[in-house]
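# Residue-level structure breakdown
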Amino acid sequence: HIPFAPHLYLGHPIDGVSSLAPSIILQSMDKTHKIASKYTLDKLVARQAVKVDKSKVGVLSILDSVILAGYRLGSPYLALIVCETVNYSLQQKCVCGHSALSFCYFGHMHIWLRSESYLF
């Protein structure tokens, strides 16, 4: 059994769009940034070279599909799912093609948030 429940990791229920405050997204982004910043590009590439458990790759494959669907639908939960997918991938030592999209989206959102902060 591979635990993945973003609402449990984030410490709040996902019970509706109205309950999703921007501060929750920012907290999740900060948490993920702290975890991801511990790794250099070389360390991430080295993790990719390691043979990983097929069940972990399966979880990431499903999450990859959820991320794509969330993007297409404009889901307010996309940022949370992306953050938790990056966290899961790093914590489970499972950096693979199925987690690449989450890293890409996380980087994009992180850069966008940092550039937007200069406007305030």
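Structure: see above.
The rules behind each value
Residues numbered from 1 in each chain as written. Predicted model: local features only at pLDDT ≥ 70, side-chain atom pairs only at ≥ 80, totals over all residues. Heavy atoms only, no water. Salt bridge = Lys/Arg side-chain N within 4 Å of Asp/Glu carboxyl O. Helix = DSSP H or I, 4+ residues; strand = E, 2+ residues; numbered from the N terminus. Buried < 20%, exposed > 50% of the residue type's maximum accessible area, 1.4 Å probe, protein only. Axes fitted to C-alpha atoms, helices over the stretch in contact; angles between N-to-C directions. Parallel < 35°, antiparallel > 145°, perpendicular 65-115°, else oblique. Left-handed = near helix turned anticlockwise from the far one by under 90°. Contact = heavy atoms within 4.5 Å. Nonpolar A, V, L, I, M, F, W, Y, C, P; charged D, E, K, R; others polar.

Let us look at the pattern of salt bridges. Inspection of every chain in the model, using the stated rule, returns 1 salt bridge. The shortest N-O distance in the salt bridge between Glu84 and Lys31 comes to 3.6 Å. Of the two residues, Glu84 sits in helix α5 (residues 78–91) while Lys31 sits in helix α2 (residues 22–36), which places them 53 residues apart along the sequence. Residue classification places Glu84 among the buried residues on the basis of a relative accessible area of 3%. Overall, the relative accessible area of 30% leaves Lys31 in the partly exposed class.

On to the packing of helix α4 (residues 54–73) against α5. Axis separation between α4 and α5 bottoms out at 10 Å; the angle between their running directions is 160 degrees. Here α5 runs roughly antiparallel to α4, going by the angle between their axes. The way α4 lies across α5 gives a crossing that is left-handed. Residues Lys56, Val59, Leu60, Leu63, Val66, Ile67, Gly70 and Tyr71 of α4 form the contact with α5, whose participating residues are Leu78, Ile81, Val82, Thr85, Tyr88 and Ser89. A per-class count over the contact of α4 with α5 returns 10 nonpolar, 3 polar and 1 charged.

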